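Reading the structure
The chain contents come next:
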Amino acid sequence: MSLHIVGGLLIKRFGKTGIRSVNLLRFRLAQEFLLCFILTKNTFGKIINKTMSKKPSRFHVDESDLWCKNQCGFYGNTAWKGYCSVCYKSLTNRQQSSSHRVHQHASVEKAVSQRQATPELSYSKFADKRRQQSKTNPVKSLFKSTKKDKSEVDKTSSKGHHHLKSEFGAFLESLSRPIYEDISKRVQNFLSKFKLLPVNSTVETWSDAVQDFYQIITEHINVDPIYQTLEETAVENLQDQLEMYLMNRLYNVVFCPPNSNDEQEDLSLQKRIRSLHWVTIQQLEANVNDQDIGVRIALDKSIADIIELDTKTLPKDKLACIVESSRKIFDAFRLSNEKSEVDGGPQSVASADDFLPLFIFIILKANPPRLKSNINYITRFASPSRLNSGEGGYFFTNMCCVVDFIEKLNAESLNLSEEEFDSYMSGRTTAEGVNTVYVCDGLRLIHENNGMIRRLKERQEKYANSVLNLEHKLSEFREQFDEQINQLVLRAPLTLKPKRGKADIDLDHDIPHSLPSPILPQQISNSQI
Amino acid sequence: MAGAQNRTSSFKIVLLGEGCVGKTSLVLRYVEDKFNDKHYSTLQASFLTKKLNINGSRVSLAIWDTAGQERFHALGPIYYRDSQGAILVYDITDEDSFEKVKMWVKELRKMLGNAVQLCIVGNKIDKEKERHVAAAAAEEYAKSVGAKHYHSSAKLNKGVEELFVDLSKRMLQKKLSSDESGSDRAVGGRGSVVIADDSAAPATQKKGGCC
């Protein structure tokens, strides 16, 4: 209590340097906030304790119930009668071999178990499986089944593409009869040829086949007289539709195929990006104010768009995602510049110098899934006209640059010393300060408030110290004062003289006898003169 | 052939140059005819297109800006792959920027051969007094590498239009001659991304920085 009073006195005394009332208010708020937090935590804890102390409710499952009945250390599943997938498999196998009677129900269950077992397997097993699959050409198997079981597979494959197929068909029908026939004949030809590619062909062979087809069609359109009536835009549209149709048909086969290294590349790139999580906007020297809320929203949207890239099937849609993401980055620049331009100077237009660093940052923060597969897919199978001209091509190229930059990133490219870079990479140093870290607003606020509380605490401690100091000084001063007085007293001791009575002239004293008697007036009579 | 001529020829032009040499101003002056203006209709100057008509043939230019910072130098090949034209900009008041241009010329010739039309542009001739790169030497250098040299000022709108029109004509000519011989088809087609690591090594020696 006394500390408070002294503190108040101090504020009065050091008015200029003392805590400003605003900060004091904030500090009080923070204190109350903390108090509330502690209280709620306590009450929640009590509630939880209460519920825990009650007997377990119906849906409460004990952890031991989840284990496999065989006690093999894996989790079991009710679908597998409480066993884990492996134990259940061996069990059913044993049952089958012993009884030699295949139970219809069991076989169905087994099939289910096998299918569900896949996610249980570790990734390495999964990768092995894929590699084995790649030896037996999946394309062949896919198309073989198409031939064998034409009706069934065609149904499944065309179901998904039904919409597009009809769209492509409708588009072709809008063209003249000879073009329609010519194009559909060529497409059918190409698809059947593609199916007949050798068993162990590489993904490059596929890519070459598709690219050759695009080129042949383009040349054919340029030369064949039946196409001369078409408008330029119609030709472009036709090429567009062709690419869309083909890619829809082939996407499942050619995207991240097992006969390529795409998957490994994806994983290593993802790991690389993860290890670079500490890179900040400032280190990349992107000239944008990331503290502004509008800019942040734009950047977040850009990240969302680039993540969406993986969900699209067609190269066209994938490129659209990249373009959209890039546009958001330019939005961020605009917002950032609007704030900084106070007096309406010349509008600064973002150039590639500004764009690329921020795009790198976006990719680093987004870490888009299967990025490398997507890039490879687009470079291999998108029509060349799409990649060499147009915004999509430009921003796609930028993305390739970003990936290349990230893969080769070293200390020099961030203007850091080798030691700094190493310490960041090993996690010894983390990005300092709140302002450099890109986090959501709530988290940033918490960081800011934490920092403020910390600063206030430091100040308070400083004040408490100075209060103690002052106290100390005061007592010292008093002692000194006392001492000085004592010294003074010693040097000039006070001698008390007897009290003298007051003299009162009006008092009726006895007239001292030594005095002559007062002169008496003499009366002179007139007769004497 | 007749059909092909009727169609628009689209060309890809890459803009190369150190930061601050005025790449952005140059292209904005050309596409929007504005310099340091308050109101550009575009938000970005990194990818711009322009349609032209040269002697009756339609030409569509896609102008690709590249990041000029030193640290992105190694990414150049990804940008200029499959481009028909390259504009290499330097600042006449900054000798380093001209040295940088020389480096790019070597790289471009190595990667693209003669398929690409090179333009070396000395920008900021409004600052003639502060000139540090001798005009004659620059012209001579351009000649020696089979490039054309231009002087321009985006600020005063000098030589900008000429530069792009001339480049378009040259690209058109190249296209027609290669169409006839049919030899350049393969070059103009697709290609995988090639990163020249060796070209990145000398880049680190030069210290760029006009700002």
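Computed from a predicted structure; not experimentally measured.

Some words on the pairing of strand β1 (residues 9–16) of chain B
Residue and element names in this part refer to chain B.
- Where burial is concerned, most of β1 is hidden: seven out of the eight residues are buried.
- In this sheet, strand β4 (residues 85–91) lies alongside β1 in parallel orientation, the contact comprising four bridges. From the neighbouring strand, Leu-15 faces β4, where its bridge partner is Ile-87.

Considering the interface of chain B and chain A
- Facing the 39 residues of chain B at the interface are 47 residues of chain A.
- Taking both partners together, chain B and chain A bury about 3,700 Å²; carbon and sulfur atoms supply 54% of that area.
- If you look at where chain B meets chain A, you find two salt bridges.
- Two residues, Lys23(B) and Asp353(A), come together in a salt bridge whose shortest N-O distance is 3.5 Å.
- The interface formed by chain B and chain A holds 11 residue pairs in polar contact (both at pLDDT 80 or more) in total.

So, the UniProt feature "coiled-coil region" (unreviewed entry) in chain A
- As annotated in UniProt, the feature "coiled-coil region" (unreviewed entry) corresponds to residues 453–487 of chain A in the numbering used here.
- Helix makes up 100% of residues 453–487 of chain A and strand makes up 0%, while its end C-alpha atoms are separated by 50 Å.

A short note on the side chain of Ser413(A)
- The topology assignment puts Ser413(A) in the loop between α19 (390–408) and α20 (418–425).
- Classification of Ser413(A) as buried rests on a relative accessible area of 8%.
- A polar atom in the side chain of Ser413(A) sits 2.8 Å from the backbone oxygen of Asn410(A).
- Look past the residues within four positions of Ser413(A) in its chain and what remains in contact with it is Phe405(A) and Arg71(B).

A look at the packing of aromatic side chains
All names here are of chain B.
- Within the structure shown, the criterion is met by 22 aromatic pairs over all chains.
- The interplanar angle of 75 degrees and the centroid separation of 5.9 Å between the aromatic rings of Phe-98 and Tyr-141 together place this pair among those described as edge-to-face. Separated by 43 residues along the polypeptide, Phe-98 in helix α4 (residues 95–112) and Tyr-141 in helix α5 (residues 135–144) bring together distant segments of the chain. Like Tyr-141, Phe-98 is buried.

Re helix α17 (residues 371–381) of chain A
- Burial runs high along α17(A): 10 of the 11 residues are buried.
- For α17(A), the full list of buried residues reads Leu371(A), Lys372(A), Ser373(A), Asn374(A), Ile375(A), Asn376(A), Tyr377(A), Ile378(A), Arg380(A) and Phe381(A).

Re empty space enclosed by the protein
Residue and element names in this part refer to chain B.
- In total, this model carries three cavities of 30 Å³ or more according to the counting rule given.
- Reported here for the largest cavity is a volume of approximately 60 Å³.
- In terms of lining, the largest cavity is formed by Leu-16, Thr-66, Ala-67, Gly-68, Gln-69, Phe-72, His-73, Leu-75, Gly-76, Tyr-79, Lys-100 and Trp-104.
- Counting residues per element, the ones that place at least two in the lining of the largest cavity are α3 (76–80) and α4.
- Split into classes, the residues belonging to the lining of the largest cavity amount to six nonpolar, five polar and one charged.

Observations regarding the pairing of strand β5 (residues 117–123) of chain B
Residue and element names in this part refer to chain B.
- Burial of β5 is extensive: seven of the seven residues sit out of reach of the surface.
- Covered by surrounding structure in β5 are Gln-117, Cys-119, Val-121 and Asn-123 together with Leu-118, Ile-120 and Gly-122, the residues of both alternating faces.
- Bridging between β4 and β5 involves seven bridges; their strand directions are parallel. In the strand pairing of β5, Ala-86 is matched with Leu-118.
- The pairing of β5 with strand β6 (residues 148–151) spans four bridges and is parallel. Paired with Gly-122 across the strands is His-151, a residue of β6.
- Crossover β5 to β6 through α5 is right-handed.

Description of the nonpolar core
- In this structure, Met399(A) and Ile120(B) are the most contacted members of the largest nonpolar core, which totals 121 residues.
- When residues of this core are assigned to domains, at least three fall in each of domain 1 (140–257) and domain 2 (262–439) of chain A.
- Val21(B), Tyr30(B), Leu61(B) and Leu163(B) belong to the second largest nonpolar core, which has 29 residues in total.

Reading guide: rules and limits
- Residues numbered from 1 in each chain as written.
- Chains lettered and ligands numbered in written order.
- Predicted model: local features only at pLDDT ≥ 70, side-chain atom pairs only at ≥ 80, totals over all residues.
- Heavy atoms only, no water.
- Buried < 20%, exposed > 50% of the residue type's maximum accessible area, 1.4 Å probe, protein only.
- Helix = DSSP H or I, 4+ residues; strand = E, 2+ residues; numbered from the N terminus.
- Pairing = 2+ DSSP bridges.
- Contact = heavy atoms within 4.5 Å.
- Buried area = accessible area lost by both parts, 1.4 Å probe.
- Salt bridge = Lys/Arg side-chain N within 4 Å of Asp/Glu carboxyl O.
- Polar contact = N/O pair within 3.5 Å; in protein donor to acceptor, adjacent residues only side chain to side chain.
- UniProt positions renumbered as here; feature names shortened; annotations may be inferred.
- Phe/Tyr/Trp six-rings, centres within 6.5 Å; stacked < 30°, edge-to-face > 60°.
- 1 Å grid on protein atoms, 1.4 Å probe; cavity = no way out; pocket = protein on both sides within 12 Å on 5 of 7 lines; lining within 4 Å.
- Points joined across faces, edges and corners; volume = space filled by probe spheres on them.
- Nonpolar A, V, L, I, M, F, W, Y, C, P; charged D, E, K, R; others polar.
- Right-handed = clockwise from strand over helix to strand, strands pointing away.
- Core = buried A, V, L, I, M, F, W, Y, C linked by side-chain atoms within 4.5 Å.
- Domains from an automatic or database assignment.

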